[in-house]
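One letter stands for each residue in the lines below.
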Amino acid sequence: MKATFGKTERLKSKKEIDILFSDGKSISKYPIRLVYKKIDFKEKTTIRAGVSVSKRHFKKAVDRNFIKRLMRESYRKNKYIVPNTTHQFAFMFLYSGKEIPEYSLIESKIREILQKFVTQEIEPK
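To keep things clear, this report deals only with the structure shown in the data block.

About the cut-offs
Here, residues in each chain are numbered from 1, in the same order as that chain's written sequence. With pLDDT at 70 or above as the cut-off, local features in this predicted model cover only qualifying residues; side-chain atom pairs require 80 or more to be listed or tallied, and sums for whole chains, interfaces and linings still use all residues. Working from all heavy atoms in the structure, the side-chain values ignore hydrogens and water. Any two strands are treated as partners once DSSP identifies two or more bridges connecting them. Counting from the N terminus, the helices are DSSP H or I runs at least four residues long and the strands are E runs at least two residues long. Whenever a helix is involved, its axis is fitted only over the stretch in contact; in every case the axis is a line through C-alpha atoms, and angles between N-to-C directions fall within 0 to 180 degrees. Contacts between residues were defined by any pair of non-hydrogen atoms, one from each residue, lying within 4.5 Å. Think of a nonpolar core as a cluster: buried Ala, Val, Leu, Ile, Met, Phe, Trp, Tyr and Cys residues, connected wherever their side-chain atoms sit within 4.5 Å. The cut-offs for exposure are 20% and 50% of the maximum accessible area for each residue type, with area from a 1.4 Å probe on protein chains only; residues under the lower value are buried, those over the upper are exposed, and the others partly exposed. In protein, a polar contact requires one atom able to donate a hydrogen and another able to accept it; more generally it is a pair of N or O atoms within 3.5 Å, and residues adjacent in sequence count only if both atoms are side-chain atoms. Any carboxyl oxygen of Asp or Glu within 4 Å of a side-chain nitrogen of Lys or Arg constitutes a salt bridge here. Look down the strands so they point away from you; if going from the first strand over the helix to the second traces a clockwise path, that crossover is right-handed. Small angles under 35 degrees read as roughly parallel and large ones over 145 as roughly antiparallel, with 65 to 115 read as roughly perpendicular and the rest as oblique. Take the far helix as the reference: if the near one is turned anticlockwise from it by less than a right angle, the crossing is left-handed, and if turned clockwise, right-handed.

**Digging into the sheet that holds strand 1 (residues 25-29)**
Within the open sheet, the four strands sit side by side as 1-2-4-3. Their pairing is mixed. Every other strand in the sheet has two partners, leaving strand 1 and strand 3 (47-53) as the edge strands with one partner each. Between one strand and the next, the sheet's axes are offset by a mean angle of 20°, whatever the strand orientation. Running over the sheet, helix 2 (residues 61-78) touches strand 3 and strand 4 (89-95) and is turned about 150° from strand 3. Sheet strands in contact with helix 3 (residues 103-122) are strand 1, strand 2 (32-38) and strand 4, and its direction is about 30° off that of strand 2.

**Remarks on the side chain of T46**
Examined against the element boundaries, T46 turns out to sit in the loop between strand 2 and strand 3. Residues within four places of T46 in sequence aside, it is in contact with F41, N84, T85, H87, Q88 and F89.

**Comments concerning the nonpolar core**
Judged by nonpolar contacts, the single largest core of 25 residues is most densely connected at M71, Y75, F91, F93, Y95, L114 and F117. Taken together, the elements giving at least two residues each to this core come down to strand 2, strand 3, helix 2, strand 4 and helix 3. A per-element tally of this core places helix 3 first, with six residues. Beyond its immediate stretch of four places on either side in the chain, F91 contacts L11, L20, L34, V35, Y36, I47, R48, A49, G50, Y75, L114 and F117. With nine residues, the next largest nonpolar core counts L11, V35, F41 and A90 among its residues.

**A closer look at the environment of N78**
With respect to the helices, strands and loops of the structure, N78 is situated in helix 2. The contact partners of N78, leaving out residues within four places of it in the chain, are E107, R111 and L114. Reaching out from N78, the side chain makes a polar contact with the backbone oxygen of S74 at a distance of 2.9 Å.

**Remarks on the pattern of salt bridges**
Within the structure shown, the criterion is met by seven salt bridges. Note that K14 is salt-bridged to D18, the shortest N-O span being 3.5 Å. Of this pair, K14 and D18 both sit in helix 1 (residues 14-23), four residues apart, which is roughly one turn of that helix. One salt-bridge network, held together by shared partners, links E16, E43 and R48.

**Here we look at the pairing of strand 3**
Of all the seven residues making up strand 3, six are buried; the element is thus mostly covered by neighbouring parts of the structure. Alignment of strand 3 against strand 4, held across seven bridges, turns out to be parallel. Paired with R48 across the strands is A90, a residue of strand 4. Assessed by its sense of winding, the connection that carries the chain from strand 3 through helix 2 to strand 4 is left-handed.

**A short note on the packing of helix 2 against helix 3**
The packing of two helices is summarised by the inter-axis angle and the distance between the axes. Closest axis-to-axis distance for the helix 2/helix 3 pair is 9 Å, and the angle between their directions is 50°. Taken together, the axes of helix 2 and helix 3 are oblique relative to one another. For the crossing formed where helix 2 meets helix 3, the hand is right-handed. Contacts between helix 2 and helix 3 pair L70, M71, E73, S74, Y75, K77 and N78 from the former with Y103, I106, E107, I110, R111 and L114 from the latter.

Functional significance is not addressed by these values, which are geometric in nature.
In structure tokens, the structure reads:
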């Protein structure tokens, strides 16, 4: 799997995001929460992912964009944890902390969340 995060891998459709939040399941490792759902896309991508940061806790767009950039980068580097499957998933990573995090914290939490996702959904007991 290439360590890229291209246009086809990004979750941008309002309709898909609404479905994701209304029917999706979630995994949480503070300060990051993953909301996911099986969705059929027209493209061949296995996973489409998006990131979000609360405007309530971070008033400045610069801070929100910085945290989103950290989250996208750590997902891009660690998406290999989720193996290629026949199912397609929509992911949304939400940052719920109140202070600007270090990259190492974000990366470790996203890695833990992806490993937990694999054990719950891809390889159930």
